[in-house]
Amino acid sequence: MGKTDTDRGQSKEKAWLFFYKMEVDFVKKIAILGSTGSIGTQTLEIVRDNPDLQVVGLAAGSNIDLFEKQVREFKPRLVSLKSEAACKELRTRLADMTVEIVPGMDGLIQIAEMEESQVLVTAIVGMIGIRPTIAAINKHKDIALANKETLVTAGHIIMPLAASMGVSILPVDSEHSAIFQSMQGENKDRISKLLITASGGPFRGRTREELEKVQLEDALKHPNWSMGHKITIDSATLVNKGLEVMEAKWLFQVDLDRIQVVVHPQSIIHSMVEYADGGIMAQLGMPDMKLPIQYALFYPDRRPMAGKRVDFYELGSITFEKPDMETFIGLKLAMKAAAGGGSMPTVFNAANEKAVSLFLNRKISFLQIPEIIEMCMEAHQKIANPDVDAILAVEQETYERINMKF
Ligand code: NDP
Ligand code: MG
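Keep in mind it's a predicted model, so treat the numbers as computed, not measured. (Residues numbered from 1 in each chain as written. Chains lettered and ligands numbered in written order. Predicted model: local features only at pLDDT ≥ 70, side-chain atom pairs only at ≥ 80, totals over all residues. Heavy atoms only, no water.)

Draft legend 1. Broad picture of the overall build of the chain. Tallying secondary structure elements over the chain gives 18 helices and 11 strands in all. Expressed along its principal axes, the backbone C-alpha trace of the chain runs to roughly 90 × 55 × 40 Å. When each of the 406 residues of the chain is scored for burial, the buried share is 51%. Taking as baseline every contact in the chain between residues at least 6 positions apart, the subset at least 24 positions apart corresponds to 68%. Separation of charge centres in the chain, based on 46 positive and 53 negative side chains, amounts to 2 Å. (Helix = DSSP H or I, 4+ residues; strand = E, 2+ residues; numbered from the N terminus. Buried < 20%, exposed > 50% of the residue type's maximum accessible area, 1.4 Å probe, protein only. Contact = heavy atoms within 4.5 Å. Lys, Arg positive; Asp, Glu negative; His and termini not counted. Charge placed at Lys NZ, Arg CZ, Asp CG, Glu CD.)

Laid out in structure tokens, this is it:
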């Protein structure tokens with residue numbers, strides 16, 4: 001019997017419903033902490049390009065104008081800004097919308113725990129990310145982790161917790177994403193070392209005398225990457241590379257003596273893994289954070305992405321150097337903090353966060369950043385296995401030590 005128009009109409013509707021349901025089932029719901037920052041805004045660009053990503057929660061600090069636009073565009077159910085006052089102002093501005101607004105740490109934690117979200121993108125800067133990251137893991141959310149300070153200070157809590165909850169910690173930091181990509185299909189037990197590449201920052205090749213005179217504007221000019229202010233300064237001091245060594249130690253469970261920093265000024269090789277047979281796997285690409293962010297969101301898929309490609313004819317050559325740890329003592333101190341373990345990385349990180357903020361406010365010179373870190377590390381009595389409360393207490397103690405002097 002032939003099909004009538006009604007039959008055909010019904011089967012069309014059924015097919016549409018089938019695909020609609022598939023789409024609903026395959027939509028990945030994400031929440032972002034730090035949506036107005038460098039990583040946050042690039043994550044939202046990826047959401048724009050991929051209709052099967054949906055934003056259900058957003059949090060930011062104080063950039064209310066941009067945040068309002070983001071909430072209007074992505075229509076999350078729950079949002080947060082740092083202060084009560086900013087949230088009040090946001091509520092007035094968004095009076096025509098249905099959206100829940102919760103300020104401060106309560107907001108960050110509620111967003112981290114949102115029932116409908118599958119992945120939390122931690123694009124917030126600093127140790128403030130610790131509690132929300134733990135909250136999300138406890139609710140079985142996968143973590144797309146940009147917020148390295150959290151892993152540096154609480155890696156000994158976060159990694160075992162994630163393992164016990166069956167949660168994936170997917171690296172967003174470009175070096176760690178490169179290592180993760182270079183480990184696909186390989187036997188982890190055959191890793192002989194991780195090679196973390198570093199651009200060397202804007203002051204590569206300078207002497208200590210030359211560094212005495214550098215200004216904030218010089219330090220903010222990164223040669224290859226466009227990032228938030230804090231990490232840009234961390235790249236100029238090489239502290240960022242030190243934090244990344246600690247981050248790699250936790251993410252990949254590799255001992256410090258098997259992690260090597262290699263200066264590679266062109267930032268085309270994003271990091272490498274050497275295996276037992278001497279073979280080295282590397283991930284290359286243009287310096288663009290959107291690739292590692294997207295890889296973390298769709299892993300193990302590689303979604304198409306527009307943008308400039310590496311042109312080896314144009315590039316000509318790539319070069320490598322040993323890091324100068326006598327001039328950039330921030331990296332040497334990071335290695336010392338990592339080797340010390342316990343609460344030492346927290347002191348290193350908290351002292352750096354405070355010193356960078358003083359430098360950004362023109363209160364101290366560039367070379368005072370590592371000096372302050374060293375002063376705090378020397379004054380600290382190490383705690384062997386700090387819990388979250390102890391980590392946050394050490395952070396406060398370190399801030400207070402610095403506040404007494406500056
Ligand atoms: P930005 O400074 O650009 O952004 C930080 C974000 O955190 C902003 O949205 C800011 O909000 C928000 N924020 C700051 N304080 C608070 C707070 N108390 N409560 C809520 N939100 C807050 O940083 P980046 O994007 O550069 O870096 C984010 C993290 O990713 C860092 O840990 C960094 O080390 C890491 N990372 C960054 C890379 C990059 O390319 N940028 C590369 C690799 C890692 P607002 O601006 O509204 O105040
Ligand atoms: Mg990095």
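Draft legend 2. Spatial organisation of the environment of methionine 165. Within the secondary structure layout, methionine 165 lies in helix H7 (residues 148–165). Overall, the relative accessible area of 21% leaves methionine 165 in the partly exposed class. Taking C-alpha positions, methionine 165 is 8.4 Å from lysine 139, a pair spaced 26 residues apart along the chain.

Draft legend 3. Quick look at the coordination of the magnesium ion (ligand 2). On the protein side, the magnesium ion (ligand 2) has Asp173 (OD), Glu175 (OE) and Glu244 (OE) as donor atoms, found 2.1 to 2.2 Å from it. Each donor residue of the magnesium ion (ligand 2) lies on the same chain, and together they follow the pattern D-x1-E-x68-E. For glutamate 175, a relative accessible area of 8% corresponds to the buried category. (Donors = N, O, S within 2.8 Å, 3.2 Å for Na, K, Ca; no water.)

Draft legend 4. Main features of the sheet that holds strand E9 (residues 259–263). Strand order in the open sheet formed by four strands is E9-E8-E10-E11, with mixed pairing between adjacent strands. Among the strands making up the open sheet, the edge pair consists of E9 and strand E11 (280–284). Here the strands of the sheet are splayed against their neighbours by 20° on average, with no regard to which way each runs. Direction of pairing for strand E8 (residues 191–198) relative to strand E10 (residues 269–275): antiparallel, over a ladder of four bridges. Across the sheet, residue isoleucine 191 finds its bridge partner in E10, namely tyrosine 275. (Pairing = 2+ DSSP bridges. Axes fitted to C-alpha atoms, helices over the stretch in contact; angles between N-to-C directions.)

Draft legend 5. Geometry of unusual backbone geometry. For the bond from tyrosine 299 to proline 300, the omega torsion is 5°, close enough to zero to count as cis. With respect to the secondary-structure elements, proline 300 resides in the loop between helix H13 (290–298) and helix H14 (312–315). Even without being a glycine, serine 267 presents a positive backbone phi close to 50°. Along the chain, serine 267 falls in the loop between E9 and E10. Residue arginine 362 is not a glycine yet carries a positive backbone phi of 60°. Here arginine 362 is to be found in the loop between helix H16 (344–360) and helix H17 (368–379).

Draft legend 6. Examining the site of ligand 1 more closely. Surveying the vicinity of ligand 1 reveals 24 residues, the closest of which are Thr36, Ser38, Gly61, Glu149 and Gly228. One of the backbone nitrogen or oxygen atoms of glycine 34 is found 3.2 Å away from an oxygen atom of ligand 1. Between ligand 1 and serine 38 there is a distance of 2.9 Å, counted from an oxygen atom to a backbone nitrogen or oxygen. The fraction of the free accessible surface of ligand 1 (900 Å²) that becomes covered by protein chains is 87%. If you list the elements that add at least two residues to the shell around ligand 1, you get helix H2 (38–49) and H7. Looking at side-chain class alone, the shell around ligand 1 contains 10 nonpolar, 10 polar and four charged residues. (Near = heavy atom within 4 Å. Polar contact = N/O pair within 3.5 Å; in protein donor to acceptor, adjacent residues only side chain to side chain. Areas by Shrake-Rupley, 256 points an atom, 1.4 Å probe, with all protein chains shown as cover. Nonpolar A, V, L, I, M, F, W, Y, C, P; charged D, E, K, R; others polar.)

Draft legend 7. Representation of a negative patch on the surface in the model. The grouping of Glu209, Glu210, Glu212 and Glu371 at the surface amounts to a negative patch. It is helix H9 (residues 208–212) that contributes the most residues to the negative patch, three residues altogether. As for its placement among the helices and strands, glutamate 210 is situated in helix H9. (Patch = residues over 30% accessible without salt bridge, like charges linked within 9 Å, V, L, I, M, F, W, Y side chains within 5 Å. Salt bridge = Lys/Arg side-chain N within 4 Å of Asp/Glu carboxyl O.)

Draft legend 8. Representation of the side chain of histidine 264. Structurally, histidine 264 is set in the loop between E9 and E10. Within the structure, the side chain of histidine 264 is placed 3.0 Å from the backbone nitrogen of isoleucine 268, a separation counted as a polar contact. Those residues within four positions of histidine 264 in sequence are excluded, and the remaining contacts are Thr197, Ala198, Ser199, Ile269, Ile318, Thr319 and Phe320.

Draft legend 9. Fine view of H17. When the terminal C-alpha atoms of H17 are compared, their 16 Å separation across 12 residues agrees well with the 16 Å that a helix rising 1.5 Å per residue should span. The inward-facing, buried residues of H17 abut helix H11 (229–237), helix H12 (239–252), helix H15 (329–340), H16 and helix H18 (388–405). (Expected span 1.5 Å × (residues − 1).)

Draft legend 10. Local environment of the packing of aromatic side chains. If you walk through the whole model with that rule in mind, you get five aromatic pairs. Between phenylalanine 180 and tyrosine 299, the ring centres sit 4.8 Å apart and the planes meet at 45°, which makes this aromatic pair tilted. You can see phenylalanine 180 sitting in helix H8 (residues 174–182) and its partner tyrosine 299 sitting in the loop between H13 and H14, a full 119 residues away along the chain. An aromatic cluster is present here, built from Phe180, Tyr295 and Tyr299 joined pairwise through their rings. (Phe/Tyr/Trp six-rings, centres within 6.5 Å; stacked < 30°, edge-to-face > 60°.)

Draft legend 11. Structural context of the environment of alanine 248. As for its position among the elements, alanine 248 is in helix H12. Placed 17 residues apart in sequence, alanine 248 and isoleucine 231 show a C-alpha to C-alpha distance of 17 Å. When near neighbours in sequence (up to four residues on either side) are disregarded, alanine 248 contacts His176, Leu194, Ile196, Gln253 and Ile259.

Draft legend 12. The pattern of salt bridges, seen in detail. Counted according to the given criterion, the structure contains 23 salt bridges. Glutamate 244 is the partner of lysine 148 in a salt bridge, and the nearest nitrogen-oxygen pair spans 2.9 Å. Of the two residues, lysine 148 sits in helix H7 while glutamate 244 sits in helix H12, which places them 96 residues apart along the sequence. In terms of burial, lysine 148 and glutamate 244 fall into one category: buried. The network of salt bridges with common partners includes Asp65, Glu68, Arg72, Glu89, Arg93 and Asp96.

Interpretation note: all reported values are geometric properties and have no functional meaning in isolation.
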